[in-house]
Structures are given as structure tokens and as C-alpha cells.
Amino acid sequence: TDVSKEALQVAAQNALRHAAAVTFKEQNLLQGDREGYDVILANLPYVPTQVESDPSIASEPPEALFSGPDGLEHYRRFFTQLEPKHIRYVLTESLVTQHNDLEQLAHKAGYELTATEGLVQLFSKVIPDTF
């Protein structure tokens, strides 16, 4: 999913090139999504807005990179939308300096940190004991 038609077009071209069976949807995070998923890989914008532009990201559209003063505005909305859904695993990408804050957002939505590798964190849905 993506809010950008252009990004979805590029992704669709890549899927064709690699013969990958992928469904693409234009939407804002999980808004209006009624489908369930086992796993979500969320590579949302996470660069703080006050960070000066780096030449390595100069060709990227700003809306694909920047997410508020601390870089976590998109993840705040995402985890709020995620909370009532029954998604087992969520992988996120963020700056290492954001990992603790992201873990707290996930915890509030009912997820626990399972693993971290580099910029990626894996969260698992906490299943309450029913005994």
C-alpha cells in the first residue's frame, strides 16, 4: 500500500520485472483496510523534519522521508490504526536512535519487541492468556 500513485506504479513495474505476484492498493496506512494480514512490513517515512538533506536522499520525494520533528508521526498513526487489528507480526524500519520510542508505540498497541537487526525491528502481537 502507498499514498503515492507514482510509487505504486514503480512498485508494479518492479513486480512485473521480477515476476512477483503482488497486490497493490492506494491508501493511507491501514485506513479503510478491512483485510487481515499475518505480517506487515512498514517502511514508513522516519526522518526527522529538522534533519538537513543528505545527497544520498536528494532524489527521494520529501513525503517519502520526513515524518515530524522526531520522525515518528507516521508510526504513531500506524500503530493507532494497527491496535484493533489482529496482525501477528510487524516489521518496521527506523533510525536506531528511534528504536526505544518505536518499541513504546508498539507496546501501547499490544505488540512486543521480538528482534532487532540494524534499522529493522520485529514486533509480535501479544496474545493474552485465556486460562
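Here's a quick rundown of the structure. Note that the structure is a prediction, hence the values are computed from the model and not measured.

What to know about the overall build of the protein
Thinking step 1. When helices and strands are counted, the protein shows three helices and four strands.
Thinking step 2. Walking the protein from its N terminus toward its C terminus, one meets helices and strands in the order α-β-α-β-α-β-β.
Thinking step 3. Over its C-alpha trace the protein gives a radius of gyration of 16 Å, about what one expects of a compact globule, namely 14 Å for 131 residues.
Thinking step 4. Taken across its 131 residues, the protein has 30% of its residues classed as buried.
Thinking step 5. Of the roughly 8900 Å² of accessible surface on the protein, 54% is carried by carbon and sulfur atoms.
Thinking step 6. Looking at charge distribution, the protein has the averaged site of its 10 positive side-chain charges lying 9 Å from that of its 19 negative ones.

Thoughts on the packing of aromatic side chains
Thinking step 1. Summed over the entire model, instances satisfying the criterion amount to three aromatic pairs.
Thinking step 2. Seen from their ring centres, Tyr-75 and Phe-78 are 6.4 Å apart, and the 85° between their planes marks the pair as edge-to-face. Of this pair, Tyr-75 and Phe-78 both sit in helix α2 (residues 73-82), three residues apart, which is roughly one turn of that helix. This pair shows no difference in class: Tyr-75 is buried, exactly as Phe-78 is.
Thinking step 3. Their ring planes at 85° and their centres at 6.1 Å tell us that Phe-79 and Phe-123 sit as a pair that is edge-to-face. In this pair, Phe-79 is assigned in helix α2 and Phe-123 in strand β4 (residues 120-125), connecting sequence segments 44 residues apart.
Thinking step 4. Residue Phe-79 is classed as buried on the basis of its relative accessible area, which comes to 3%.
Thinking step 5. Three or more aromatic residues link up through ring pairs in this structure, and these residues are Tyr-75, Phe-78, Phe-79 and Phe-123.

Definitions and cut-offs
Residues numbered from 1 in each chain as written. Predicted model: local features only at pLDDT ≥ 70, side-chain atom pairs only at ≥ 80, totals over all residues. Heavy atoms only, no water. Helix = DSSP H or I, 4+ residues; strand = E, 2+ residues; numbered from the N terminus. Rg over C-alpha atoms; globule rule 2.2 N^0.38 Å. Buried < 20%, exposed > 50% of the residue type's maximum accessible area, 1.4 Å probe, protein only. Areas by Shrake-Rupley, 256 points an atom, 1.4 Å probe, with all protein chains shown as cover. Lys, Arg positive; Asp, Glu negative; His and termini not counted. Charge placed at Lys NZ, Arg CZ, Asp CG, Glu CD. Phe/Tyr/Trp six-rings, centres within 6.5 Å; stacked < 30°, edge-to-face > 60°.

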